[in-house]
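Here's the letter readout for the chains.
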Amino acid sequence: MVRLQPDPFLNELTSMFERTTEHGSVWVTLKHSSDKSKAQRNKMKIAGENIEFKCLIRATDGKKNISTMVGAKDHQRFQASYAILLKARLTALKKRERKDKRKLAADSDKKIESSKKKFATPKAST
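Below, the structure is looked at part by part. Note that the coordinates shown come from a computational prediction; the quantities given were computed from them, not determined experimentally. (Residues numbered from 1 in each chain as written. Predicted model: local features only at pLDDT ≥ 70, side-chain atom pairs only at ≥ 80, totals over all residues. Heavy atoms only, no water.)

Quick notes on the sheet that holds strand E4 (residues 65-70)
So, step 1. Here we have four strands laid out as an open sheet, ordered E1-E4-E3-E2, and mixed in their pairing. The open sheet has two free edges, formed respectively by strand E1 (2-4) and strand E2 (27-33), since each of these has just one partner strand. Here the average twist between neighbouring strands, direction ignored, is 25 degrees.
So, step 2. Looking at chain direction, E1 and E4 are connected through three bridges and run parallel. Counted as the bridge partner of Val 2 is Ile 66 from E4. (Pairing = 2+ DSSP bridges. Helix = DSSP H or I, 4+ residues; strand = E, 2+ residues; numbered from the N terminus. Axes fitted to C-alpha atoms, helices over the stretch in contact; angles between N-to-C directions.)

See below:
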């Protein structure tokens, strides 16, 4: 996995979205991370040092993996750029078909009535 600075990461993410417009997917994951091992964090905690946590962002299209670390100082700027990129590139999403609630309620009532008729057993006369 290639670790990039935030701006080149966004450029590469844009090219990933362009490659997969007709066919394919891009997966983006975000993770809270300190970029230090657990042993190093424990030593820093014992020494009373501040541990700076960052956001680890990974992206893959199945063929190429890229990642970046964004600190608290750069987070607002990165988030704004990332939001603009998503709004521009997620145009291929399909609108969800919304069904009329009244129609759904009527259909479910019909199904319940028909299932009751199927499972109703006639009483045997004695």
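Description of the pattern of salt bridges
So, step 1. Considering all chains together, one arrives at five salt bridges under this definition.
So, step 2. A salt bridge links Glu 18 to Arg 89; its shortest N-O distance comes to 3.0 Å. With a gap of 71 residues between them, Glu 18 in helix H1 (residues 6-19) and Arg 89 in helix H3 (residues 75-89) connect regions that are remote in the sequence.
So, step 3. Using a relative accessible area of 44% as the deciding quantity, one classes Glu 18 as partly exposed.
So, step 4. For Arg 89, a relative accessible area of 31% translates into the label partly exposed.
So, step 5. Among the salt bridges present, the one from Asp 61 reaches Arg 19, with a minimum N-O distance of 3.3 Å. Taken together, the positions of Asp 61 in the loop between strand E3 (54-60) and E4 and Arg 19 in helix H1 put the pair 42 residues apart, joining distant regions of the chain.
So, step 6. Taken together, the shared-partner salt bridges connect Glu 12, Arg 19, Asp 61 and Lys 64 into one network. (Salt bridge = Lys/Arg side-chain N within 4 Å of Asp/Glu carboxyl O. Buried < 20%, exposed > 50% of the residue type's maximum accessible area, 1.4 Å probe, protein only.)

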